[in-house]
Amino acid sequence: GEVIVVNIAGSEVYAVRNGERFWARRAVVGRVNRQTPVFRGAMTWLELNPTWTVPPTILREDVLPRLRRDPGYLAEHQLSVIDARGRVVDPLTIDWQRVGNRPPWTFRQAPGPKNSLGRIKFMFPNPHAVFLHDTPARELFERTRRLLSSGCVRIEDPLSLAEILLADPARWNRQSLQAAIDTGKTQRVSLPRPWPVLMLYWTAELDAAGRLRFLPDVYDRDPALLAALNGEVRLEFPPASD
């Protein structure tokens, strides 16, 4: 079968077919205090020219403190303030010093070159609200240590992944994807079939030549794993049925 695999410890993402990696790129994953979770999902659609709705944690810890210092922050980052009825609120009418950490508005960033999700996102619904996406800060992939996100996974060269997932080179190739992006319009594209996504964490593997490769234990998870492996062996059998 085919599957998308993210190794969080290695800040890498792969497409795997019948156990063999046939596509691999660098990734940016969650920093230590906002770790990317380990789980399984099913990727079902992608979006070109996505908007970005600021999540509660980022709003509380990043956006509001900066906004209180600099009211021009919203305009600089093309963020709109939207009320419960979907109406845009003029941020200059708000006293940001008096706004608490749970404001009654949604903060949404318009599509475009400054959008935090870049020009494409890959969706696999999950309770963690984590997904794969492009980024305008592509220079971050040149760093050796790439623990820089708030939990989502930014990937290098996302259009090549879109070509693989859509599996329709006549309709969706790099040129047509770029042309759709160049319109500036937000467009949702369903995948022809769901792709399993494995968000995993491992710090030792065999490379393509069969050599052992060690990765840094960036989230400091190995000690607990080693303690469990070195601990007492316990066998728990299910209760016998009548």
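Placed above this text is the structure.
None of the values given here were measured: they were computed from a predicted structure.

Conventions and cut-offs
Residues numbered from 1 in each chain as written. Predicted model: local features only at pLDDT ≥ 70, side-chain atom pairs only at ≥ 80, totals over all residues. Heavy atoms only, no water. 1 Å grid on protein atoms, 1.4 Å probe; cavity = no way out; pocket = protein on both sides within 12 Å on 5 of 7 lines; lining within 4 Å. Points joined across faces, edges and corners; volume = space filled by probe spheres on them. Helix = DSSP H or I, 4+ residues; strand = E, 2+ residues; numbered from the N terminus. Nonpolar A, V, L, I, M, F, W, Y, C, P; charged D, E, K, R; others polar. Axes fitted to C-alpha atoms, helices over the stretch in contact; angles between N-to-C directions. Parallel < 35°, antiparallel > 145°, perpendicular 65-115°, else oblique. Left-handed = near helix turned anticlockwise from the far one by under 90°. Contact = heavy atoms within 4.5 Å.

In this structure, the largest pocket spans a volume of roughly 980 Å³. Surrounding the largest pocket, 38 residues form its lining, W52, I58, S116, S150 and R154 being those nearest its centre. For the lining of the largest pocket, the elements supplying multiple residues, two or more each, are β5 (52-53), α1 (56-69), β9 (120-123) and β11 (147-149). For the lining of the largest pocket, the class distribution of residues is 18 nonpolar, 13 polar and seven charged. Contributing elements (two or more residues each) for the lining of the second largest pocket: β3 (20-30) and β14 (204-206). Its residues assigned to classes, the lining of the second largest pocket comprises three nonpolar, one polar and five charged.

The relative placement of two packed helices comes down to the angle between their axes together with the axis-to-axis distance. Packing of helix α3 (residues 158-166) against helix α4 (residues 174-182) brings their axes to within 10 Å, and their N-to-C directions diverge by 115 degrees. Judged by the inter-axis angle, α3 sits roughly perpendicular to α4. Crossing of α3 over α4 shows right-handed handedness. Residue-level inspection shows L159, S160, A162, E163 and L166 of α3 in contact with α4, the latter providing R174, L177, Q178 and I181. When grouped by side-chain class, the residues that make up the contact of α3 with α4 number five nonpolar, two polar and two charged.

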